[in-house]
Structures are given as C-alpha cells and as structure tokens.
Amino acid sequence: MTNILSSNIGYPRIGEQREWKRALESFWDGKITEEQLLQKTTEIRLNNLRKQKDLGIDLIPVGDFTLYDHVLDTAVTFGVVPKRFRYEGGPVDLETYFGIARGTDDAVASEMTKWFNTNYHYIVPELNDVQPKLVENRALLYYKEAKETLGIDGKPVILGPITFLKLSKGYEQRDFPKLVDTFLPLYVEQLKQLHEAGAKIVQIDEPIFVTDVGEDALEAAKKVYRTFAEEVPGLAILFQTYFEKIHHYEQIIQLPVTGFGLDFVHGDSLELLREYGFPQGKTLAAGIVDGRNVWRADLGGKLTILETIKQFVKDGDIIVQPSSSLLHVPVTKTLEEKIDPVILGGLSFADEKLREVVILTKGLKEGRGAIKAEIAEVDEALAELKTKYRSDEATRSAVKSLTEDDATRDTPSDERLKIQKERFQLPLLPTTTIGSLPQTQEVRRTRSKWRRGEITDQEYEQFIKEQIKKWIAIQEELDIDVLVHGEFERTDMVEYFGEKLNGFQVTEYGWVQSYGSRCVKPPLIFGDVSWAGPMTVKEITYAQSLTDRPVKGMLTGPVTILNWSFAHDETPRYDIMKQIALALRKEIEALEEAGIKIIQVDEPALREGLPLDPEKWDEYLNEAAYAFRLATATVKKDTQIHTHMCYSEFGDIFDAIDALDADVISIETSRSHGELVSAFEENTYKKEIGLGVYDIHSPRIPSLEEIKTNIDRALRTIPASQFWVNPDCGLKTRKEEETIGALKVMVAAAKKAREELTSKTV
Ligand code: GLN
Ligand code: ZN
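Residues numbered from 1 in each chain as written. Chains lettered and ligands numbered in written order. Predicted model: local features only at pLDDT ≥ 70, side-chain atom pairs only at ≥ 80, totals over all residues. Heavy atoms only, no water.

Draft legend 1. Summary view of the overall build of the protein. Looking only at helices and strands, the protein has 27 helices and 21 strands in total. By the compact-globule yardstick of 27 Å for 762 residues, the protein fits well, its C-alpha radius of gyration being 27 Å. Within the protein, the fraction of its 762 residues that count as buried is 60%. Expressed as a percentage of contacts within the protein between residues at least 6 apart in sequence, the contacts between residues at least 24 apart total 78%. Of the roughly 30800 Å² of accessible surface on the protein, a fraction of 48% belongs to carbon and sulfur atoms. Taken as two groups, the 96 positive and 125 negative side-chain charges of the protein have centres that lie 2 Å from each other. (Helix = DSSP H or I, 4+ residues; strand = E, 2+ residues; numbered from the N terminus. Rg over C-alpha atoms; globule rule 2.2 N^0.38 Å. Buried < 20%, exposed > 50% of the residue type's maximum accessible area, 1.4 Å probe, protein only. Contact = heavy atoms within 4.5 Å. Areas by Shrake-Rupley, 256 points an atom, 1.4 Å probe, with all protein chains shown as cover. Lys, Arg positive; Asp, Glu negative; His and termini not counted. Charge placed at Lys NZ, Arg CZ, Asp CG, Glu CD.)

Here is the structure:
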C-alpha cells in the first residue's frame, strides 16, 4: 500500500525579518554574548519547526538549520578544520567555526564558492592533512531538540559523503576512493546514533549526482549506500537530489536505499521515469513545487504531474515536496504591504510553498475534487496576473519578430575599433575603472534618509550630484582617461533597474541568504518587461557635462538582470531576457542621443547562469550573447560598447564572450593572472580588453611593481594596442583613501608601461 506524505527539504534560516542575520552580526560586533546568540538562534530554529508543523508538513527537516553554512556544518561535524586554526579536537567551538568562515587575525578564511547553480555560497572544506572523526553529531542534536521541545519526530538532513567530498578541496582526485573509505565509517556512526535516538527516516543530500560526475563517484555511491543499508538496517534512507535531473539515473536507482528524491521542476525527471521507470518497492520523493522561484504553483497542473508520477511508483510511498531546499526563496509574503494585490496574489514564498505542498498531498491522496476550491482560487489569481501584466502585445510581438539582423552591428568590430581610435584619441594602454566608486557611510545614510522621506527628492538628487562632481574632479586629477559617474545613486546593480523598468517589482522583505549573514533581495519580474523612461541618463549626462574626457554610460546587462531576479515562469526565460534587452536598447539609445560616447553593459552573472546540464550550455550561451547584442547593436559605429565580467575561469565561455561583440571587455584577473592570459594565448581575441591589474577585494594599496608586472605579463600575449588598464571590479566597497591611493599607483604603472613601449618603437 502506498502512503502519501508531505515533506520539506530545507527551510530558510534567516527568520521572517532577518533576525538570524541581526543576531549573528551583533555577536560578531561583540554586542551580544555567545549565550545570547545561541538563545536567539534556537528561538528562530524552533519557530521554523513549529511553523512547518502548523502548516501540516508530515516530514519536517531537522539539521538543515545552521549558524553560517550547512557545508561548513558538515565539515565541523567531522572535525575537518584547517591546520591554521590550531584546532585540537573535540566539538568545534564557535570561535573556530566562525574563524573558518570569516577569517581571524592570524588565519585567512576558507574559500567560499557558489552552491551549484544558485546564488548561495558555501564554505569549501579543506581536507589537507586532517584526521576526520565524528566529533559532534549536529544532526542528532537537532533531531533530539525537535523531539524533546516540540514533540516533532523530524527527518534529519545530512549532506551525503560523495557530494561533501566532491565539493571539498585539498586532495588529489586519485585519492578520492581512499577518502570515501575514511569518511564512510564516520557517516555510519552518525546514522547509527540517529537511528538509536529514534529517527526513522534520514534525508541524505547528494545533489552532485545531477552533474556529470565521474565513474569514481558512481562506484563510491554503490559502496557507501550498500554499507549504510548493511550497517544501519531499519533506518530509511532517502537519496535526495535537486536542481536538475539525475545524470546517471539508471545506475543511481539501483542503489539499495529506501527512496529517491527527484526534482520535477528543473530538469526533466518525468522523462527519466518514462524512459527507465522507477524501481519496485522504492519511495519516490517528488520535488514538485519550485524551491527556486517565488511564483505560485499552478496546483491543477502540478496535480496532473503528480498523478502521472504516481503511476510509476509500485509498492512504494510517495512524498510530495518542494524541488529543493526553500533556503533559496524568501520566508513569507505576508509581510509585504506595498505590492499590488494582483501581483501579491501570484506570489508564493517558503511558507506559502509549504501550504501548496500540503494541498497537493491532499489532492493526490483524496482526488482532485478534494482540492477543487484551492485549484480554482489559484487559477483565478494566475489568470488575473496574466491578463493584467502579461499581455503587452507590443513587447510580445517585438520579441516574436526578432531576427539575427536585429542583434548585429552594421560595422564589423575591426573597422569600428579603428574609427573609435580616431574619435577618442586615447593614449596607448588607456586607463579606466569598472563603474562604482566608494559608497561611503555618508552615501548610504543619505539614501536611507531619502527612502524614509526625511529628505526631499531634490535634496537627494543634489547630494548625488555633489558626489559625482567631486569624483569627476578626482578622476581628472588622477589623470584617468575614461571616467565613470560612480553609481552613487544605486544600492545594487540589479535592484536599481528593477525599480525603474516596467514588469519589475521590488519587495520589502524578500530576502534570501547569499552567504553567511549576507542576504540579497532579488527583484521580481511579474510581467512583460519594457522601458518606462530614462533610468541613467540624468546622472551620466551631468557627469559628462563636467569634463572633456569621455564618461562611460553604465548599465547592467539583460543576462545579469534576469539571472539575479525572480522571473515568473509563464513566459519562456529567453523571451524575458529579450524583453529586458529591448528595454535596455532604448536606454542605450537615449544615452547615445544625450551625447554619451562610451556605454558599458555589465554581465557579471553570465557565467554563473550556465546550466548544470552541459547539454543545455550551447543554447544558453547563444541566447545570452544574442540578448547582449540585441541591447547594444543599434548604436553608431563610433559609439564604443564596453562590458565587464568578474571571474576568470573562462575557457569554457570564451566563444560566447567573443560573440557579445563588445568593443572593449574588462575582466577580473588580478588573482589568477596566469590562467587567463593563457586562455588568450590559445584563442585569438581581436577586440580590446582590460584585464584587472589589481585586486579590489583587499584594502591593501598595491605597489607600482605589482601592477606593472601584471601589465607586462598580459602584454606578452595581448598586443598593447588592444589593452586597457583598470582595476578588476567596481570600487564601491572600498574606502575613499584606498581607492585614490590605488588608482594613483595604477595610473603611474600604466604611464610607465606606455613610456617603455613608445621608447621601444622609436
Ligand atoms: N559596474 C559595476 C560596479 O562597478 C560592476 C559590478 C560587478 O561587476 N559586479 O560596481
Ligand atoms: Zn566585477
């Protein structure tokens, strides 16, 4: 007999109003004690559990909570602490724990990197010469806590060994099987303890299996899960995946576990079921409600999918759940008071998603009739949203009729660059910056005053103008060749445009964790996107009026705006990307009309948007490059288009970068110069390029020699006539003195390099 249960994979940690963040930061600032921190976070954790129980979730996750990051929690569970923190065994204390995450006076923090294709960042475990031991069974502590204080018999969540090891660093690939053998008994011990404490079912997250893992991972999985089954019989194990379909599905479903968690929202898992079936007697945990987006689920459609899924399950249970942990979406929409009710009616944050899970579970158990009213209610809300905001015929038909021609500049790049050289008369190795200049306390404070209505629009605009004026003068004084206005009017490079474009809505409390206590508030794309009027023209033309040197127009590109927003899923993503591109094109035309000669369109999120499934890469990269060109193609041949990206692992997207057809690209490389320069060795890049010549992430002012060395190294592969000198990213997080100090050195280094080059040629 098939049981049908509702479940959750993970719940947001941050609290409805980011109480978690505030508690952590107060503790780091020394404003509250460790005891107070633990008390506050326990309160948040228990409250999260209580909410899930009240919503009617059958399998409530425990152990998904963390004081920083769940991968770090897994590492410290096993005493994996880098040597430099002088850890001496036993449960890892809070100071060491936060030290690994954030660094201490004597030891640098562990590296942080993106969690699969999300904007969540985890702390990369370092396995170099550690002797792992089960030093503190965190999952067990949380399991007992939930049981004892709330009477919740939770479902412990642990990060599986294969994924944990594959995400770690500090070992040679060939030692992977040995490491699996080292960790296996520790995991077994952890599971035994959970089982003894009464846990009946454990969720073991193995999302690495949605990527193209090697044979070694598959072999390891066979061994690990066979051992679990033998050593801890009676404990149900759910092998949980998310974010894409499982890559080696046929082999994975042979594993001797109780059941498998599959993502039926991202990646076509249903197709896998159709093609390969589902093993008899196994539980299927169906991730059916999108854990990565904030739009309400079409309950009727989802129930149909669940009914189809059900046909593949024979003598096993069905678990209805979100497609991934809900840590990727905000907590609840009930706090939003300023959103148009029609838009609000189409939203579903974590709490609302769990309600959807419960409704769908009921529908699957009792039949469609049992949730008729709920289905009708969603249908109505979604239809209203569609009629009101997703029926902009002008935009829709513009997107439909697009051709390759619409995204192609009239003049080829070599010719353009020649004409632009004539026009701008810039020195060899021109200097510039990436866009933002220091956002001082004063800037941030004045903006909040304006947001709170304490100063008028005019006063705020005046203040921004003063900042621009001050910094145009500073940049001239520094003798930088191509100037920027400084982005003082923007808090965030996506939210700023979200506040100004049609089809976007910003939220008040729609925070999601990005890393540690840092949260971001992505704008929502609820409808068709279009240009509502100039967004950047006033500030840029003001800046340009103050100087004879060119000032760059500064925009965020279509790919980045889309990737860093919560876009509704009714219109295909790539169509929304094109809608954004067409809106940006209007802005670019307006800038050009206002006399701006150089326009930078930033795409820092281009690479991270790369799908997990390599089969989808080409399409993505083609669409992304097309959208960028669509935004920029109508400018005159002597208008120079710049773009910026902040990463260097680059080989795999080199062609796409070329396909953007930007005249000048600046990229972050100061921390990995060699690598990138060699990418250029293998590829011949004909357009102009600025490789970041110093690292803006550090407050340190670089020396002339350092910057000069970076320039010289690049000039060995890139012709001087193509090379620009710039920092490797925006300067908004730096202090004013640091920025001026560093830029002074940068300009001096560029001049020195210039002199050497000219004396060589005469
Ligand atoms: N123009 C932006 C800035 O300088 C680019 C930021 C980014 O690359 N993330 O801040
Ligand atoms: Zn950058």
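On we go.
Draft legend 2. Focus on the coordination of the zinc ion (ligand 2). For the zinc ion (ligand 2), every protein donor is listed as H644 (NE2), C646 (SG) and C729 (SG), and the spread of their distances is 2.1 to 2.4 Å. Here the zinc ion (ligand 2) binds 4 donor atoms, and the angle range of 82 to 127 degrees at the metal identifies the geometry as irregular. Coordination of the zinc ion (ligand 2) draws on donor residues from a single chain, spaced H-x1-C-x82-C in sequence. Since its relative accessible area comes to 3%, H644 is described here as buried. Taking relative accessible area as the criterion, C646 reaches 26% and is therefore assigned partly exposed. (Donors = N, O, S within 2.8 Å, 3.2 Å for Na, K, Ca; no water. Tetrahedral: all angles 85-135°; square planar, octahedral: opposite > 155°, others 65-115°.)

Draft legend 3. Broad picture of the pairing of strand β5 (residues 155-159). Where burial is concerned, most of β5 is hidden: 5 out of the 5 residues are buried. Because side chains alternate across β5, one face comprises the buried residues K155, V157 and L159, and the other comprises P156 and I158, equally buried. Sheet topology places strand β2 (residues 61-62) next to β5; 2 bridges connect them, and they run parallel. In the strand pairing of β5, P61 is matched with K155. Here β5 pairs with strand β6 (residues 201-205) via 3 bridges, running parallel. Looking across to β6, one finds that L159 is bridged to D205. (Pairing = 2+ DSSP bridges.)

Draft legend 4. Structural context of the layout of surface pockets. Roughly 440 Å³ of internal volume is contained in the second largest pocket. Along its surface, the second largest pocket is lined by 22 residues, and E461, E489, Y496, K538 and E539 are the ones closest to its centre. Mapped onto the lining of the second largest pocket, the elements with two or more residues apiece are α17 (441-451), α18 (457-478) and α20 (537-545). It is α18 that contributes the most residues to the lining of the second largest pocket, 6 residues altogether. Residue classes in the lining of the second largest pocket are distributed as 9 nonpolar, 2 polar and 11 charged. (1 Å grid on protein atoms, 1.4 Å probe; cavity = no way out; pocket = protein on both sides within 12 Å on 5 of 7 lines; lining within 4 Å. Points joined across faces, edges and corners; volume = space filled by probe spheres on them. Nonpolar A, V, L, I, M, F, W, Y, C, P; charged D, E, K, R; others polar.)

Draft legend 5. Layout of the sheet that holds strand β14 (residues 524-530). Spatially, β11-β14-β16 is the arrangement adopted by the 3 strands of the open sheet, whose pairing is mixed. On the outer flanks of this sheet lie β11 (502-505) and β16 (566-567), each paired with one strand and no other. Direction of pairing for β11 relative to β14: antiparallel, over a ladder of 3 bridges. Residue F504 lies in a different strand from β14, and its bridge partner there is I525.

Draft legend 6. Fine view of the packing of aromatic side chains. Counted by the stated rule, this structure contains 24 aromatic pairs. Summarising the aromatic geometry, the rings of W115 and F116 are spaced 4.9 Å apart at their centres and angled 85 degrees between planes, so their arrangement reads as edge-to-face. The residues W115 and F116 share a single accessibility class, namely buried. Aromatic pair Y242 and F243: ring centres 4.8 Å apart, planes at 75 degrees, arrangement edge-to-face. Put simply, the rings of F78, F164, F183, Y187, F209, Y225, F228, F239, F260 and F278 touch in pairs and so form one group of aromatic residues. The ring of F243 has R292 sitting right over it, with the charged end atom 4.8 Å from the ring centre. (Phe/Tyr/Trp six-rings, centres within 6.5 Å; stacked < 30°, edge-to-face > 60°. Lys NZ or Arg CZ within 6 Å of the ring centre and 35° of its normal.)

Draft legend 7. Region of interest: the side chain of D613. The residue D613 is located in the loop between β17 (598-602) and α23 (617-632) in this model. Apart from the residues lying within four places of it in its own chain, the contact partners of D613 are E244 and K245.

Draft legend 8. Spatial organisation of the sheet that holds β2. Spatially, 8 strands are ordered β1-β10-β9-β8-β7-β6-β5-β2 in an open sheet, and the strand pairing comes out parallel. The sheet is open, and its two borders are formed by β1 (4-6) and β2, each paired with just one other strand.

Draft legend 9. Quick peek at the pattern of salt bridges. Considering all chains together, one arrives at 50 salt bridges under this definition. Residue E377 is joined to R296 by a salt bridge in which the shortest nitrogen-to-oxygen separation is 2.8 Å. With E377 in helix α14 (residues 372-389) and R296 in the loop between β9 (283-289) and α11 (299-310), this residue pair connects regions lying 81 residues apart in the sequence. For E377, a relative accessible area of 44% puts it in the partly exposed group. Exposure remark for R296: the relative accessible area of 15% places this residue in the buried category. Across the pair D661 and K687 runs a salt bridge whose closest N-O atoms are separated by 3.5 Å. Placement of D661 in the loop between α24 (654-659) and β19 (664-667) and of K687 in the loop between α25 (673-682) and β20 (688-692) is noted, with a sequence separation of 26 residues between them. (Salt bridge = Lys/Arg side-chain N within 4 Å of Asp/Glu carboxyl O.)

Draft legend 10. Expanded view of the site of ligand 1. Taken together, I434, G435, S436, E487, M493, M554, D602, P604, H644, C646, C729 and G730 make up the full set of residues near ligand 1. Side-chain polar atom of E487 to a nitrogen atom of ligand 1: 2.9 Å apart, as the coordinates give it. For ligand 1, the accessible surface in isolation is 290 Å², of which the surrounding protein chains cover 90%. For the shell around ligand 1, the per-class residue count stands at 6 nonpolar, 4 polar and 2 charged. (Near = heavy atom within 4 Å. Polar contact = N/O pair within 3.5 Å; in protein donor to acceptor, adjacent residues only side chain to side chain.)

Draft legend 11. Summary view of the pairing of strand β10 (residues 318-322). The element β10 is extensively covered by neighbouring structure, given that 5 of its 5 residues are classed as buried. Direction of pairing for β1 relative to β10: parallel, over a ladder of 3 bridges. The residue of β10 that forms the bridge with S6 is V320. Of the pairings in the sheet, the one linking β9 to β10 comprises 5 bridges and is parallel in character. Note on β10: the bridge partner recorded for A286 is V320. Taken together, β9, α11 and β10 form a β-α-β motif whose crossover is right-handed. (Right-handed = clockwise from strand over helix to strand, strands pointing away.)

Draft legend 12. Expanded view of the packing of helix α1 (residues 19-28) against helix α4 (residues 94-102). It is the contact of α1 with α4, at a shortest axis distance of 13 Å, that shows an interaxial angle of 100 degrees. Considering their axes alone, α1 and α4 lie roughly perpendicular with respect to each other. The segment α1 lies against α4, with L24, F27 and W28 engaging L94, F98 and R102. (Axes fitted to C-alpha atoms, helices over the stretch in contact; angles between N-to-C directions. Parallel < 35°, antiparallel > 145°, perpendicular 65-115°, else oblique.)

Draft legend 13. Inspection of the environment of E230 at higher detail. On the secondary structure map, E230 appears in helix α8 (residues 215-231). Residue E230 is classed as exposed on the basis of its relative accessible area, which comes to 55%. For the pair E230 and E688, spaced 458 residues apart in sequence, the C-alpha to C-alpha distance is 61 Å.

Draft legend 14. A look at empty space enclosed by the protein. Evaluation of the coordinates by the stated rule reveals 5 cavities of 30 Å³ or more. Taken as a whole, the largest cavity spans an internal volume of roughly 330 Å³. Residue lining of the largest cavity: 28 residues in total, with G63, H70, V157, I158 and L159 positioned closest to the centre. Elements with a minimum of two residues in the lining of the largest cavity: α3 (70-77), α5 (138-150), β5 and α7 (176-196). In terms of residues, the lining of the largest cavity owes the most to one element, α3, which gives 4 residues. Along the lines of polarity and charge, the residues of the lining of the largest cavity split into 14 nonpolar, 9 polar and 5 charged. Forming the walls of the second largest cavity are 14 residues, and the residues nearest its centre are R45, L49, P61, D64 and F65. Those elements that place two or more of their residues in the lining of the second largest cavity are α2 (34-55), β2 and α5. When residues of the lining of the second largest cavity are assigned to their parent elements, the largest contribution, 4 residues, is made by α2. Tallied by class, residues from the lining of the second largest cavity come to 7 nonpolar, 3 polar and 4 charged.

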